[in-house]
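# Survey of secondary and tertiary structure
So you can see what is in the structure, the chains are spelled out below.
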Amino acid sequence: MNITLPLTALVMLVMAALWFRSMFGRKSSELDKAREALDGCEQLLALVKSIQRHRGMSSAWLSGDHSFEVRMAELRNEMDRQFTALMQTAKRETNSPWPCFNHNDMSVLRHHWRELGEGYKTLTTEQSIARHTHLIAKALGWLAALGEARIELTLPGRVSAGVVRNYAHRLPALAECLGQARAVGSSVAARGNCSPVARVRLMFLAARAEVLLSQALAAAPSNRSSTASRAVENLVGMIRQHLLGGHLVTIGATAYFDAATVAIDGVFSWIDGCAIDLRLGLEQTGTQAPPMLAQGALR
């Protein structure tokens, strides 16, 4: 009996099984890293949101409205916990071959935040906004890098690139644009007048918000996008009517801050919806069976 063909088929079957095991293990590892990256993105987004809120409240405080004092202190306590969680993410990312950020980067950011949180009362409104914005820009850069390197490249075909880029880039950029408008507008509302510099800045931010909103809607609309769109459009209209509409400002700092926060929260809710889509895509990718090429090898 000629046993050459059965032995050849058996060897090919074993080699195919080993290959599939290797590929499945690699795929599983990539998915685990993508899930960890998504957790890190959510932590960065929470930190960005907190720094944005502190920037807006400190702008109003420095412009004479001290009603935000207690809320700011509570927010700083919450941010201490956020930084602690992010330090663990930074340690994990440091061990990657090409880290999007590392433990030292996060330590430096935390140090600069503590300096700002302890000394913002000695700054001008413009200095406070600039220093908060610099910290936010750093975090947004890391967020975009994580989204591209750890999530987008792991989910081709499962979730559109538009969802990933909305999640890690476009919508955070929109939220930051609105966050700057909240900070500048809160200062204007607290003072009761809009300086020429603030006017130009608010005009730019309102127009920029409209552009970013349009791009995000075109890339990947979702069930939550309509609610966020209405809130953003409402805030842009409020800026143009109550802050830029005449010589006098016709809205108080607290009312403006709260309206801006509704718009920003709407965008973050949209971002949360994108995160749900991404996690679903990861789960679907993880349960997808590899093609059974071994059968072809035996024919």
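Fair warning: this is a prediction, and the values are worked out from it, not measured in the lab. (Residues numbered from 1 in each chain as written. Predicted model: local features only at pLDDT ≥ 70, side-chain atom pairs only at ≥ 80, totals over all residues. Heavy atoms only, no water.)

## Quick look at the environment of isoleucine 239
- Counting through the fold element by element, isoleucine 239 comes out in helix 7 (residues 225-243).
- Residue isoleucine 239 is classed as buried on the basis of its relative accessible area of 2%.
- Taking the C-alpha atoms as reference points, isoleucine 239 and arginine 182, 57 residues apart in sequence, are found 9.6 Å from one another.
- Filtering out sequence-adjacent residues up to four positions away, isoleucine 239 remains in contact with Ala181, Leu202, Leu244 and Tyr256. (Helix = DSSP H or I, 4+ residues; strand = E, 2+ residues; numbered from the N terminus. Buried < 20%, exposed > 50% of the residue type's maximum accessible area, 1.4 Å probe, protein only. Contact = heavy atoms within 4.5 Å.)

## Here we look at the layout of surface pockets
- In this model, the largest pocket occupies a volume close to 380 Å³.
- Considering the residues around the largest pocket, the lining is formed by 17 residues, among which Lys33, Ala34, Glu93, Ser96 and Arg150 are closest to the centre.
- Where the lining of the largest pocket is concerned, the elements lending two or more residues are helix 1 (4-62), helix 2 (69-94) and helix 4 (125-151).
- Looking at the lining of the largest pocket residue by residue, the class counts come to 7 nonpolar, 4 polar and 6 charged. (1 Å grid on protein atoms, 1.4 Å probe; cavity = no way out; pocket = protein on both sides within 12 Å on 5 of 7 lines; lining within 4 Å. Points joined across faces, edges and corners; volume = space filled by probe spheres on them. Nonpolar A, V, L, I, M, F, W, Y, C, P; charged D, E, K, R; others polar.)

## Re the environment of leucine 140
- Its location among the elements puts leucine 140 in helix 4.
- Its relative accessible area of 16% is what places leucine 140 among the buried residues.
- Along the sequence, leucine 140 and alanine 173 sit 33 residues apart, while their C-alpha atoms lie 7.9 Å from each other.
- The residues touching leucine 140, leaving out its near neighbours within four places in the chain, are Val48, Pro172 and Glu176.

## Looking at helix 2
- In a regular helix each residue adds 1.5 Å, so 26 residues correspond to 38 Å; helix 2 covers 37 Å between its end C-alpha atoms and thus fits that length.
- Taken residue by residue, helix 2 has Met72, Leu75, Arg76, Met79, Gln82, Phe83, Leu86, Met87, Thr89, Ala90 and Glu93 as its buried positions. (Expected span 1.5 Å × (residues − 1).)

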